[in-house]
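# Architecture and fold: a report
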Amino acid sequence: DVALVSCFFVNLISLDLCGCDDLHDIAFATIGPALPQLLHLSARGCRDISDRGLAVLLQHCRQLRTLELGWCDISDRGLRPLEHIASTLQRLDLS
């Protein structure tokens, strides 16, 4: 459960959720406030993560260096909040 990980492992800087196909926007809404220090996040294959979830996550995780969102339900418009982390983001994978 993502909520448990976020609560118990508060010092995480890297989180790989690849293939967690039962992950929804609410998970990103939990991860963001709980783990604002995240540097690397992979959510490749999390098809139920949408523009809304990404926007909430990026309100809190402003230090992200690597973000993998391949096969997520992110539209071109949903990428706009990336401007909040433009100065720290080094790798973005949308494939």
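Residues numbered from 1 in each chain as written. Predicted model: local features only at pLDDT ≥ 70, side-chain atom pairs only at ≥ 80, totals over all residues. Heavy atoms only, no water.

### Topic: the sheet that holds strand β2 (residues 40-42)
What the four strands build is an open sheet, ordered β1-β2-β3-β4; its pairing is parallel. Each edge of the open sheet is held by one strand with a lone partner, namely β1 (14-16) and β4 (91-93). Adjacent strand axes in the sheet meet at a mean angle of 5 degrees when their direction is disregarded. (Pairing = 2+ DSSP bridges. Helix = DSSP H or I, 4+ residues; strand = E, 2+ residues; numbered from the N terminus. Axes fitted to C-alpha atoms, helices over the stretch in contact; angles between N-to-C directions.)

### What to know about the pattern of salt bridges
By the definition in use, this model includes four salt bridges. Two residues, R44 and E68, come together in a salt bridge whose shortest N-O distance is 3.4 Å. With R44 in the loop between β2 and α3 (51-60) and E68 in strand β3 (residues 66-68), this residue pair connects regions lying 24 residues apart in the sequence. In this structure, E68 and R91 form a salt bridge, with 2.5 Å as the shortest nitrogen-oxygen distance. Placement of E68 in strand β3 and of R91 in strand β4 is noted, with a sequence separation of 23 residues between them. One salt-bridge network, in which partners are shared between bridges, spans R44, E68, R91 and D93. (Salt bridge = Lys/Arg side-chain N within 4 Å of Asp/Glu carboxyl O.)

### Side note on unusual backbone geometry
Even without being glycine, W71 reaches a positive phi, approximately 70 degrees. Among the secondary structure elements, W71 is positioned in the loop between β3 and β4.

### A look at α3
Within α3, burial applies to G53, L54, L57 and L58. End-on, the buried residues of α3 take up no more than an arc of 125 degrees, which puts them together on one face. Where α3 is buried, its residues contact α2 (25-34), β2 and β3. (Buried < 20%, exposed > 50% of the residue type's maximum accessible area, 1.4 Å probe, protein only. Arc of directions from axis to C-beta. Contact = heavy atoms within 4.5 Å.)

### Regarding the side chain of S42
Looking at where S42 falls in the secondary structure, it is placed in strand β2. Only 2.7 Å separates the side chain of S42 from the side chain of E68, close enough to count as a polar contact. Setting aside residues no more than four positions away along its own chain, S42 makes contact with L15, D16, L17, C18 and E68. (Polar contact = N/O pair within 3.5 Å; in protein donor to acceptor, adjacent residues only side chain to side chain.)

### Quick look at a nonpolar patch on the surface
Taken together, L4, F8 and F9 make up a surface patch of nonpolar side chains, about 360 Å² in accessible area. By the element assignment, F8 lies in helix α1 (residues 2-8). Overall, the relative accessible area of 62% leaves F8 in the exposed class. (Patch = residues over 30% accessible without salt bridge, like charges linked within 9 Å, V, L, I, M, F, W, Y side chains within 5 Å. Areas by Shrake-Rupley, 256 points an atom, 1.4 Å probe, with all protein chains shown as cover.)

### Here we look at the environment of D73
Structurally, the position occupied by D73 is in the loop between β3 and β4. In the structure, D73 is positioned 21 residues away from R52 in sequence and 9.8 Å away in space, judged by C-alpha atoms. With near-sequence residues (within four places) excluded, D73 lies in contact with C46, R47, I49, S50 and D51.

Any functional reading would require information that these geometric values do not contain.
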